[in-house]
Amino acid sequence: MRGIVPKRYSTSTLIDAASCVPWLAAEGPLAYTPENPPATDYFFQYSWILPEIFDFKAHKRCHHYFGTPIRDHAKPLFEFWRQARLREVDRVYLSLGSFAENRLCAPVAVYRAKLGARHESEQWLFIQHGSYQWIGSADQPHLKDGHVLLYRGIQRERTFRYPSLERDLRQSANQRTWNRYLALQWRMLSDSTLSFNSIHDRTKRCETAFLNDGTWLADRLAAQAGLDIKSDGFAHVLWEAATSAFSLERWVAEKKFGPHFVVARTPISNIRLTTFFAGEAEVRLVDPSQIHVLESVGCTVAT
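Residues numbered from 1 in each chain as written. Predicted model: local features only at pLDDT ≥ 70, side-chain atom pairs only at ≥ 80, totals over all residues. Heavy atoms only, no water.

Some thoughts on the nonpolar core
Here is the rule: Residues belong to one nonpolar core when they are buried, are Ala, Val, Leu, Ile, Met, Phe, Trp, Tyr or Cys, and are joined through side-chain atoms within 4.5 Å. Exposed residues in this analysis have more than 50% of their type's maximum accessible area, buried residues have under 20%, and partly exposed residues fall in between, with area computed by a 1.4 Å probe over protein chains only. Note on conventions: DSSP H or I runs of at least 4 residues are helices, E runs of at least 2 residues are strands, and numbering of each starts at the N terminus.
Ranked by size, the top nonpolar core spans 25 residues in total, and within it Val-110, Phe-126, Leu-143, Val-148, Leu-150, Leu-248 and Ile-271 carry the most contacts. Put simply, the parts of the chain that give this core at least two residues each are strand E3 (90-95), strand E6 (108-114), strand E7 (122-128), strand E9 (147-153), strand E12 (261-267), strand E13 (271-273) and strand E14 (282-285). Grouped together as the second largest cluster of nonpolar side chains are 24 residues, Trp-186, Ala-218, Ala-222 and Ile-229 included.

A closer look at the pairing of E6
Put simply, the rule is: Between any two strands, pairing holds if DSSP finds at least two bridges.
Most of E6 is tucked away: six of the seven residues are buried. For E3 and E6, the ladder comprises five bridges, and the chain directions are antiparallel. Considered in E6, the bridge of Tyr-93 is made with Val-110. Summarising the sheet, E6 and E7 pair through six bridges and their orientation is antiparallel. Pairing of Arg-112 across the sheet is with Trp-124, part of E7.

Some words on the environment of Thr-266
Put simply, the rule reads: Contacts were defined at the residue level, with two residues in contact if any of their heavy atoms lie within 4.5 Å. The term polar contact refers here to a pair of N or O atoms within 3.5 Å; inside protein, the definition further demands a hydrogen-donor-capable atom paired with an acceptor-capable atom, and it admits residues adjacent in sequence only when both atoms are side-chain atoms.
Tracing the backbone shows Thr-266 in strand E12. Sequence-wise, Thr-266 and Val-148 are 118 residues apart; in three dimensions their C-alpha atoms are separated by 5.7 Å. Filtering out sequence-adjacent residues up to four positions away, Thr-266 remains in contact with Gly-146, His-147, Val-148, Leu-150, Ile-271, Leu-285, Gln-290 and Ile-291. Polar contacts involving the side chain of Thr-266 include one to the main-chain carbonyl oxygen of Gln-290, which spans 2.3 Å.

Considerations on the pattern of salt bridges
Definition in use: The rule for a salt bridge is simple: a side-chain nitrogen of Lys or Arg has to be within 4 Å of a carboxyl oxygen of Asp or Glu.
Tallied over the entire structure, the rule returns seven salt bridges. Between Glu-254 and Arg-250 there is a salt bridge; the shortest N-O distance is 3.7 Å. One end of the pair is Glu-254 and the other is Arg-250, both in helix H6 (residues 250-256) and four residues apart, which spans about a single turn. Residue Glu-254 is classed as partly exposed on the basis of its relative accessible area, which comes to 31%. Members of the salt-bridge network, linked through shared partners, are Asp-90, Arg-112 and Glu-122.

Things to note about the side chain of Ser-244
Looking at the element boundaries, Ser-244 is found in the loop between helix H5 (233-242) and strand E11 (246-247). Classification of Ser-244 by relative accessible area gives buried; the value is 18%. Polar contacts involving the side chain of Ser-244 include one to the main-chain carbonyl oxygen of Glu-240, which spans 2.6 Å. With residues near it in sequence (within four places) discarded, Ser-244 still touches Arg-152, Tyr-162, Val-283 and Arg-284.

A word on a nonpolar patch on the surface
To be explicit about the condition: Think of a patch as exposed residues, more than 30% relative accessible area, with no salt bridge, where like charges cluster within 9 Å and nonpolar side chains (Val, Leu, Ile, Met, Phe, Trp, Tyr) cluster within 5 Å. Computed by Shrake-Rupley with a 1.4 Å probe, the accessible areas treat only the displayed protein chains as cover when residues are assessed.
Judged by side-chain polarity, Ile-15, Leu-94 and Leu-96 come together as a nonpolar surface patch covering roughly 240 Å² of accessible area. Note that Leu-94 resides in strand E3.

Regarding the environment of Asn-174
Its location among the elements puts Asn-174 in helix H2 (residues 172-189). Separated by 64 residues in sequence, Asn-174 and Leu-238 have C-alpha atoms that sit 9.9 Å apart. Among residues more than four places away in sequence, those in contact with Asn-174 are Asp-168, Leu-169 and Phe-234.

Points about H2
Defined as follows: The span expected for a helix works out to 1.5 Å for each residue beyond the first.
When the terminal C-alpha atoms of H2 are compared, their 26 Å separation across 18 residues agrees well with the 26 Å that a helix rising 1.5 Å per residue should span. Considered for burial, the residues of H2 that qualify are Asn-174, Thr-177, Trp-178, Tyr-181, Leu-182, Leu-184, Gln-185, Trp-186, Met-188 and Leu-189.

Quick look at the pairing of strand E8 (residues 131-136)
Extensive coverage of E8 is indicated by the burial of six of its six residues. A two-sided burial pattern is seen for E8, the buried positions comprising Ser-131, Gln-133 and Ile-135 on one face and Tyr-132, Trp-134 and Gly-136 on the other. Pairing geometry for E7 and E8, over six bridges, is antiparallel. In the strand pairing of E8, Gln-128 is matched with Ser-131. Hairpin remark: E7 followed by E8, antiparallel, with two residues in the connecting loop; positive phi at His-129, about 55°.

Laid out in structure tokens, this is it:
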């Protein structure tokens, strides 16, 4: 990567070799949590933690607030941390990331909070390594059970297709590919900078305003990890599934990418989050096989 900005603080999320946190760091000044919040908003101005995310024309040392140079655009974020300092936020779910016995769980935290001081209704706030998503409670009614609903619009297509990987995983060659894939996912989740950059490396579109990445960082990391995502059939299918996006909000699938859409379910610890300024409540799955379609509107589901 070009012009990496030296790290001012540790961004390692590792607690030990097999577990990690959903915060910006496991130790040091960036290890704050909503239960132990920073005294000021200083640490939210950390453009140095997110190298190669902003447009190459942007000055890397300028203050940005999770992708926007205008503080008010990130106002709900600062409001959440104000509420955290007052002990007014309620944790609904916490997954410490883990990697053992061929199984990976992503680190994710979910809190109940208000978007603003004058708002009566509360929303869920998902947190993962600098990525934040505010989600309406009606769209995610199963959080306490450890699951999220996934929404995927397919416009006017008649069939929703998503690969089934369980049969392929029974083959020994594919199992080796799977092990490399999980090790790579763990590497990306073990550092908040790499986690944030790799989950946004395909994000290059108009609604993201000051986010203009397009580096395909994760693809390069996959090649370094020995994953042939171009010519190996199973690796290619796995990678395409893992980099496909779902939404945590129904309206995105129904209105923006509909009218045909599906609703599916997966464990909360199976998602990786993009951040709020991408505008689509977007997530990707760590394990693409852990998905169960519950509802299809205007379409059928390929089997």
